[in-house]
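Read off the chains here:
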Amino acid sequence: MTKPFLEVLSGRKQAVPPIWMMRQAGRYLPEYRQLRAKAGSFLDLCFTPEYAAEVTLQPIRRFGFDAAIIFSDILVIPHALGRAVRFEAGEGPRLDPLDTPDKIATLASHADFTKLEPVFEAVRRVKRELNDKTALIGFCGAPWTVATYMVAGQGTPDQAPARMLAYQHPDAFEKIIDALVENSIPYLVGQIKAGADAVQIFDTWAGVLPPREFARWSIEPTRRIVAGVRQQVPDTRIIGFPRGAGALLPDYVEATTVNGVSIDWAAEPSLIRERVQNRVAVQGNLDPLALIAGGAALDRAIDDVLENYAGGRLIFNLGHGILPETPIAHVEQMIKRVRAYKA
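In short, a report on the structure.

Rules used in this analysis
Within each chain, residue numbers correspond to sequence positions counted from 1 in written order. For this predicted model, a pLDDT threshold of at least 70 governs which residues receive local features, and a threshold of 80 or more governs which side-chain atom pairs are given and counted, while totals over whole chains, interfaces and linings are taken from all residues. Derived side-chain values reflect all non-hydrogen atoms in the structure, with water molecules and hydrogen atoms excluded from consideration. Going along the chain from the N terminus, every DSSP run of H or I of four or more residues is numbered as a helix, and every run of E of two or more is numbered as a strand. Only protein chains enter the accessibility calculation, which uses a 1.4 Å probe; a residue whose area is less than 20% of its type maximum is buried, one above 50% is exposed, and one in between is partly exposed. Whether two residues touch is decided by their heavy atoms; if any such pair falls within 4.5 Å, the residues are in contact. Under the convention used throughout, the expected extent of a helix is 1.5 Å for every residue step, that is, one less than its residue count. Here, the arc refers to the directions that run from the helix axis to the C-beta atoms. Residues enter a nonpolar core if they are buried and are Ala, Val, Leu, Ile, Met, Phe, Trp, Tyr or Cys, with the set joined through side-chain atoms within 4.5 Å. The definition of a polar contact used here is a pair of N or O atoms within 3.5 Å, where within protein one atom must be able to donate a hydrogen and the other to accept one, and adjacent residues in sequence count solely through side-chain atom pairs.

## Observations concerning the overall build of the chain
Each helix and strand in the chain was counted, giving 16 helices and nine strands. Considering only C-alpha atoms, the chain reaches an extent of 55 × 45 × 40 Å along its principal axes. The buried share among the 343 residues of the chain stands at 58%. Long-range contacts, defined as pairs at least 24 residues apart, comprise 74% of the intrachain contacts of the chain with a sequence gap of at least 6.

## Structural notes on helix α15 (residues 295–309)
The terminal C-alpha atoms of α15, which comprises 15 residues, lie 22 Å apart, in line with the 21 Å expected from a rise of 1.5 Å per residue. Within α15, the full set of buried residues consists of L298, A301, I302, V305, L306 and Y309. Buried residues along α15 cover an arc of 135° about the axis, so they all sit on one side. Within α15, the exposed residues directed more than 90 degrees away from the buried face are A296, R300 and E307. Here the buried face of α15 lies against α13 (269–275), β8 (281–286), α14 (288–293), β9 (314–318) and α16 (328–339).

## Re the nonpolar core
In this structure, F5, F173, I176, L286, F316, V331 and M334 are the most contacted members of the largest nonpolar core, which totals 132 residues. At 13 residues, the largest contribution of residues to this core is made by helix α10 (residues 170–194). Every residue in contact with M334, bar those within four places of it in the chain, is listed here: I19, M21, L286, L291, I302, F316 and L318.

## Description of the side chain of Q277
Take Q277: it is sitting in the loop between α13 and β8. Within polar-contact distance, the side chain of Q277 engages the backbone oxygen of Y309 at 2.7 Å. Setting aside anything within four residues of it in sequence, one finds Q277 in contact with I272, V282, N308, Y309, G312, R313 and L314.

## What to know about unusual backbone geometry
Omega for the bond connecting G284 with N285 falls within 30 degrees of zero, at -15°, which places this linkage in the cis form. Along the chain, N285 falls in strand β8. A positive phi angle, near 60°, is found at R23, a position not held by glycine. Along the polypeptide, R23 turns up in the loop between α1 (4–9) and α2 (30–39). Even without a glycine there, the phi angle at Q159 is positive, about 55°. Along the polypeptide, Q159 turns up in the loop between α8 (143–152) and α9 (160–168).

From the geometry alone we can't say anything about function, so treat these as descriptive.
Here you go:
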């Protein structure tokens, strides 16, 4: 049985684009909120395989998406590197900042992979439950994006602390990036060996970097991860998501050799079609706010994505994660409209 999601990543366009959503397991679902409350902390939800597997499967049961993505977080690697990671309600992640060269010198270079074993176990559990048409996606955060949280100790509006550190102390900053590259490779390989069909590398903050820094801190670390994973599992299908990369996306695709690239809702369609989609699969790029708006506005936005990209290899998705206040009926409206499409 073929999996439409994997077919697209392997070079074969589908008449009806496969569909899934970033953050599809999340707060917009009542069944998620119920389990989240039962789990206690967010990290307990991530690191209890039974819970993480259940949360991963909830949107598949409800909507029948073409791919499930394992429920976890991009900050599990810093956690495994011995950094204190906590999630405060309404505040997002908090870490002890690595904001000086002296502090960075204390960073471990090798992660404790026993801390990540619950993620691999959750992958194994989900794999057993999925039907043979539904793909399973593993993931990690890209080194640049994960580093921005490690430096500042939290998310900031434009990740200025990490950008400043990278300008003033590039050698020290490189130490963080190197640790993240070296540990993300076995983390992704572990997910693949546990049953993931493909992996995605989330570089949520790539768009704040100027071109030279984008090449150094977004493209190059991602290229190293892709090469490292493929050295161990040669035919691994990998999606990159350098959010906000804009006109730098063709360079990213060429240098990293990813099989697909996720694009945000501001991507310029002709650039993507002529310089990106002619080489790799494209994933995206419905505005999550259009999904909240619903109605005719949502239909128009869905049709725009399909008209722009369904002529080539497309995995229908959002341009970023689904927002907690999204009505479930609007998700159903989107799936129905995409599935009714014929190229």
